[in-house]
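# Understanding the architecture of this molecule
What follows is each chain in one-letter form.
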Amino acid sequence: MAHRVVLDTDPGIDDSLAILLALASPEIELAGVSVTGGNCPLDNGVHNALNVVALAGQPELPVYSGVALPLLRPPLTAPETHGDAGLGHAHLPTSEVPPADEHGVDMIIREITAHPGEITLVAVAPLTNVALAIRKEPRIVEAVRHVIIMGGALRVDGNTTPLAEFNFYVDPHAASIVLHSGMPITLLPWDITKDILLTQEAIDQLLQISSPVSTFIADAARFYIDFHLTHFGFAGCSINDPAALALVFRPDLATITPLFVDIETTSEVTMGKTIGDFRNESGHPHNVQLVTAFDSESFLQIFVSRMEMLADRTRTA
Ligand code: RIB
Ligand code: CA
């Protein structure tokens, strides 16, 4: 039986790859994609999500506009990482389908309360939508089946400040609300995802299939790889968000450990820093299952093969 999934995003290149992986995976019933501000402004993100679901051949897959700005912090986008429009060098036809009328926060609440014990919420953006959903309807904490979050940097440098990872830095107050909510959270941090690299070699393999899907991935990833090479010296791009999505149907890819995790929300110097109580000194019960290892090689094989399948469905030659 397929997992019913709500995917909360800020598309963004790797968010877009997560959307494509969800639509290419028979194990997943994608109920909807909600969008918040992050990698690019909200309206760009909504536009990108609509065009990506259309690229995958499912233009009617509902996309929901969510909260535009962080709860308290000033807005922060990442044009250097994802390009001004949010998809690197890729350009997609504009979908004729508009975003859903329902707000993204209300969709998250509706899906979880209408399907108690069934919904897996995959959150790969700043957690503003998720935090406000909890505040608006606290019952979702008990009703949600599982929450998989890509965010935080615990024992490595951040990718946005020396200490903080982007999703948690953009809205640390939202992250704090979610981390301390009691939701059943699996946390996939930058510690792990920084090493999950999509390489040019894999993209060249995908380009053997002449398709708008492979062209999109190649054009988006070309920008993303250039950024990772310049900024981190990586020989590929970290595909953080599809890795989080894959944990829905392949939890065996991850090694996890229960941990109490907190986040800095006051000091400007350490804002957004995630702290793991690895020696249980705080006395607090664990609030996440932290991913401490990940089978990147197996995941990347799954990802590329499913992108090949998706590309084959829309082959042009
Ligand atoms: O730090 C990486 C995360 O921040 C990813 O989800 C990326 O898309 C950005 O949102
Ligand atoms: Ca993201």
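Up top you'll find the structure we're talking about.
Residues numbered from 1 in each chain as written. Chains lettered and ligands numbered in written order. Predicted model: local features only at pLDDT ≥ 70, side-chain atom pairs only at ≥ 80, totals over all residues. Heavy atoms only, no water.

## Remarks on the environment of Asn129
Rules: We count a stretch as a helix when DSSP gives it H or I for four or more residues in a row; a strand needs E for two or more, and each element gets its number in order from the N terminus. Here a residue-residue contact requires only that any non-hydrogen atoms of the pair lie within 4.5 Å.
Turning to its location among the elements, Asn129 is positioned in helix α5 (residues 128–136). If we skip the residues at most four places from it in the chain, Asn129 touches Asp8, Ser34, Val35, Thr36, Gly66, Val67, Val105 and Ile108.

## Thoughts on the coordination of the calcium ion (ligand 2)
Note the threshold: Distances define the donors: N, O and S atoms within 2.8 Å of the metal qualify, as do those within 3.2 Å of Na, K or Ca. Water is excluded, so some sites may look unfinished. Only protein chains enter the accessibility calculation, which uses a 1.4 Å probe; a residue whose area is less than 20% of its type maximum is buried, one above 50% is exposed, and one in between is partly exposed.
Around the calcium ion (ligand 2), the protein contributes the donor atoms Asp10 (OD), Asp15 (OD), Asp15 (OD), Val124 (O) and Asp241 (OD), at 2.2 to 2.6 Å from the metal centre. Going along the chain, you hit the donors of the calcium ion (ligand 2) in the pattern D-x4-D-x108-V-x116-D. Residue Val124 is found in the loop between β4 (119–123) and α5, and its partner Asp241 is found in helix α12 (residues 240–249); the two are separated by 117 residues along the sequence. By relative accessible area, Val124 is classed as buried at 1%. Overall, Asp241 belongs to the buried group, its relative accessible area being 1%.

## As for the site of ligand 1
In plain terms, the rule: Residues are classed as near a molecule or strand on a simple rule: at least one heavy atom within 4 Å of it. Residues adjacent in sequence count toward polar contacts only when both atoms are side-chain atoms; beyond that, a polar contact is any pair of N or O atoms within 3.5 Å, and within protein one must be able to donate a hydrogen and the other to accept it. Only Asp, Glu, Lys and Arg are considered charged in this grouping, and only Ala, Val, Leu, Ile, Met, Phe, Trp, Tyr, Cys and Pro are considered nonpolar; every other residue, Gly among them, is considered polar.
Looking at ligand 1, the residues that line it are Asp10, Asp14, Asp15, Asn39, Val124, Met150, Asn159, Glu165, Phe166, Asn167, Asn240 and Asp241. Here an oxygen atom of ligand 1 and a side-chain polar atom of Asn159 are 2.8 Å apart. Elements that contribute at least two residues to the shell around ligand 1 include exactly α1 (13–23), α7 (166–170) and α12. Of the residues that constitute the shell around ligand 1, the class distribution is three nonpolar, four polar and five charged.

## Observations concerning the side chain of Thr274
Relative to the assigned elements, Thr274 resides in strand β11 (residues 274–276). At 2.9 Å, the side chain of Thr274 forms a polar contact with the backbone oxygen of Ala153.

## Observations regarding the sheet that holds strand β12 (residues 288–294)
What counts is decided by this rule: By this definition, two strands are paired if DSSP reports at least two bridges between them. Only the contacting stretch of a helix is used when fitting its axis, a line to C-alpha atoms as for every element, and angles between N-to-C directions run 0 to 180 degrees.
On the basis of which strands lie adjacent, the open sheet formed by eight strands has the order β3-β2-β1-β4-β5-β6-β12-β9 and mixed pairing. In this open sheet, the two strands that pair with only one neighbour each are β3 (63–65) and β9 (254–259). The average undirected angle you get between the axes of adjacent strands in this sheet is 25 degrees. Across three bridges, the pairing between strand β6 (residues 185–188) and β12 is parallel. When the bridges of β12 are listed, Thr186 appears paired with Gln289. Strands β1 (3–9), β2 (28–35), β3 and β4 of the sheet are contacted by helix α4 (residues 104–114), whose axis makes an angle of about 150 degrees with β2.

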